[in-house]
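Secondary and tertiary structure notes
Single-letter residue listing:
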Amino acid sequence: MMRHRNIPPTLLARRLAVLLLLGLGVGRDTAAAEPRNPPKAPQKSLPAGSAVPTVRPPILIAAGRHFVEPTGRVVILRGVNLTGDSKVPPFRPGLTETDFARLQGLGMNVVRLLFLWEAYEPQPGCYDESYLAEIRATAEAAWAHGMYVVIDIHQDGFSRFTSRGSGDGFPSWAISRRGRPSRPDNNSPSRRYWPILMATDPTTHQSFKDFFSDAVGVRTRYLMMLSRISLTFAETHGVIGYDLINEPWGDEEHELGPLYQDATAVLRARHPSALMFIEGHVTTNSGLQTKLPRPTFDGVAYAPHYYKPLTLAFNRWYGNPTSAQHAFANMKSKANEWNVPLFLGEFGVGVGTQNAGGYVSHLYDRLDACLASGAQWNYTPRWNEQAKDGWNGEDFSILDPAGMIRPNFRPRPYPRHTAGTPLLFHYQEEDQGGRGLSFAWDHDPARGDTEIFVPNALFARDSAVTCFPADATCWRDEARQLLVCRAARPTTIRVQIKRQ
């Protein structure tokens, strides 16, 4: 039996924060018991005099369980969230050419790019267009380095002015008039326990209730904001869609579902090809199954998050796979039920976690088993020893300022483009009996070549490549760190690589 003696107060508080958030599920069902006004209908047409964006053909669509590019190849997305410190002033991601080159070298083909409503509309109707321009420029830079972009309308605990000063996202004017705003404080040591501050702050929950009921028009202004930014992002290369609200509170059936419906109508009025990345109540982050109703609109990806509560609470992963297996079973079953792609919008662990690398590798194994996409939390290029990720003392950044890989991330191969239907992918690390990978897919020659990202640092030039059937061919493209495969006829292809 594991014993815990003389637990430091800070560690005890961290454990209580995570376990309280998991166990209470505050706001998940209690909000449904209160009467609410019906949501206001979204704006169905553009305002008079509004510019009409150039309609770009979609560069990625959702077709059943897969993301698909125009050639018909299936695309698996693997990447990272940008950036941890952009939740707080000055809100700018501040990424450079060097940063994107580093991510590209790690094989990433997607970024989930944070967008803070507070930064864009600090006062009602007053928009900081320079902020929107920088987010657009960041998205364009990502696409120039081969990365798709998901615009993440980000919040945690509603606002920096709620959750006892530890949140982010919504502007101060959006806070409930029946609440008591807090002074923003995302820097003091106690802010690292922000989950408990969020879960126990009445103003946070009242603000969400007023938002969903549109008590003072905040929900209407949210939809107006989405309409406004969609005009820009519809013309931005690489932007494939929107995560409509990060880790929300609220009743999934009566509040979140209608919000997603209205937000989608508003966004697609100007950005018709946009995919919608939707997630359930914040407590589904722990692996609980969502109660979200199936969307009535198409072009959807189910985009939950996953953080193992006990690993965060005890700052250690003991190697037990049960919780993650259960969580991924829930996520996969929901994606199957809806017949949509699964995109794990956030996952990861702090660098100080014991066996952090093993834990994160285990999560990637689960993604591979589901043939799912995902973006790890996070990359913060301005990370430093004092501020860490720059928000509430979190320390999740996968690279240090010099671009060196930190202990909570390991480069991984994955099937980036599949000319046909992927069937099975498995990667084995060195300590599991020798490094190797295997991939099988039903090949369709009309869709082109299949491309598997194979990091040169993991598989040397002399690594053995085996391909079946005999008339299928595979070769290494070391400049792009790819294994490229093709065949002249429809067939099931199986390829294996073993490092010599």
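Residues numbered from 1 in each chain as written. Predicted model: local features only at pLDDT ≥ 70, side-chain atom pairs only at ≥ 80, totals over all residues. Heavy atoms only, no water.

Structural notes on the overall build of the protein chain
Helix and strand counts for the protein chain come out as eleven helices and 21 strands. Considering only contacts within the protein chain whose residues lie at least 6 apart along the sequence, 74% involve residues at least 24 apart. When the accessible surface of the protein chain is summed, it comes to about 19,500 Å², and 54% of that surface belongs to carbon and sulfur atoms. (Helix = DSSP H or I, 4+ residues; strand = E, 2+ residues; numbered from the N terminus. Contact = heavy atoms within 4.5 Å. Areas by Shrake-Rupley, 256 points an atom, 1.4 Å probe, with all protein chains shown as cover.)

Some details on helix α4 (residues 129-144)
Given a rise of 1.5 Å per residue, 16 residues ought to cover 22 Å, and the 22 Å separating the end C-alpha atoms of α4 matches this to within 8%. Along α4, the positions that sit buried rather than exposed are Tyr-131, Leu-132, Ile-135, Thr-138, Ala-139 and Ala-142. Taken around the axis of α4, the buried residues stretch over an arc of 120 degrees, which confines them to a single face. Tucked into the core, α4 has its buried residues touching α2 (97-105), β5 (110-115), α3 (117-120), β6 (148-153), α7 (218-233) and β7 (239-243). With its phi angle positive at about 80 degrees, Gly-146 sits one or two positions after the end of α4. (Expected span 1.5 Å × (residues − 1). Buried < 20%, exposed > 50% of the residue type's maximum accessible area, 1.4 Å probe, protein only. Arc of directions from axis to C-beta.)

Examining the packing of helix α10 (residues 322-338) against helix α11 (residues 356-370)
The interhelical angle for the contact between α10 and α11, taken along N-to-C directions, is 35 degrees, at an axis separation of 11 Å. Pair α10 / α11 crosses with right-handed handedness. The residues of α11 that touch α10, namely those facing Ala-324, Gln-325, Phe-328 and Lys-332, are His-362, Leu-363, Arg-366, Leu-367, Ala-369 and Cys-370. Here the residues of the contact of α10 with α11 sort into six nonpolar, two polar and two charged. (Axes fitted to C-alpha atoms, helices over the stretch in contact; angles between N-to-C directions. Left-handed = near helix turned anticlockwise from the far one by under 90°. Nonpolar A, V, L, I, M, F, W, Y, C, P; charged D, E, K, R; others polar.)

Section: the state of the cysteines
Within this structure, the stated rule accounts for one disulfide. Residue pairing for Cys-474: its cysteine sulfur links by disulfide to Cys-485, the two sulfurs lying 2.2 Å apart. Across the S-S bond of Cys-474 and Cys-485 the torsion is about 115 degrees, and the bridge reads as right-handed. With Cys-474 in strand β19 (residues 473-477) and Cys-485 in strand β20 (residues 482-486), this pair connects stretches of sequence that are eleven residues apart. Note on Cys-485: relative accessible area 0%, which makes it buried. (Disulfide = S-S within 2.5 Å.)

As for the nonpolar core
Formed by 94 residues in total, the largest nonpolar core has its most connected members in Phe-115, Ile-151, Tyr-222 and Leu-226. For Leu-226, the contacting residues outside a window of four places in its chain are Ile-153, Ala-263, Val-266 and Leu-267. In this structure, Tyr-427, Trp-441, Phe-453 and Leu-483 belong to the second largest nonpolar core, which totals 23 residues. (Core = buried A, V, L, I, M, F, W, Y, C linked by side-chain atoms within 4.5 Å.)

A word on the packing of α7 against helix α8 (residues 252-270)
Look at α7 against α8: their axes get within 8 Å of each other, and the N-to-C directions meet at 30 degrees. By the angle class used here, α7 and α8 are roughly parallel. Considering only the axes of α7 and α8, their crossing is right-handed. On α8, the residues touching Arg-219, Tyr-222, Leu-223, Leu-226, Ser-227, Arg-228, Ser-230 and Leu-231 of α7 are Pro-258, Leu-259, Asp-262, Ala-263, Val-266, Leu-267 and Arg-270. Considering only residue class, the contact of α7 with α8 consists of nine nonpolar, two polar and four charged. (Parallel < 35°, antiparallel > 145°, perpendicular 65-115°, else oblique.)

Looking at the environment of Leu-259
As for its position among the elements, Leu-259 is in helix α8. Exposure remark for Leu-259: the relative accessible area of 0% places this residue in the buried category. A C-alpha to C-alpha distance of 7.6 Å links Leu-259 and Phe-212, two positions 47 residues apart in sequence. Other than its neighbours up to four places away in sequence, Leu-259 contacts Phe-211, Phe-212, Arg-219, Tyr-222 and Ile-245.

Describing the pairing of β7
Both faces of the sheet carry side chains from a regular strand, because those side chains alternate between them. Buried residues dominate β7, accounting for five of its five residues. Across four bridges, the pairing between β6 and β7 is parallel. If you follow Val-149 over to β7, its bridge partner there is Val-239. Relative to strand β8 (residues 275-278), β7 is paired through three bridges, and the arrangement is parallel. Residue pairing across strands places Gly-241 opposite Leu-275, the latter belonging to β8. Taken together, β7, α8 and β8 form a β-α-β motif whose crossover is right-handed. (Pairing = 2+ DSSP bridges. Right-handed = clockwise from strand over helix to strand, strands pointing away.)

Looking at the sheet that holds strand β4 (residues 78-82)
Spatial ordering of the open sheet is given by β9-β8-β7-β6-β5-β4-β13-β11, a layout of eight strands whose pairing is parallel. If you trace the sheet from one side to the other, it starts and ends with β9 (300-302) and β11 (343-344), each paired once. Sitting on the sheet, α4 is in contact with β5, β6 and β7, with an inclination near 175 degrees to β5. The strands touched by α10 are β8, β9 and β11; relative to β9, the strand with the most contacts, the crossing angle is about 160 degrees.

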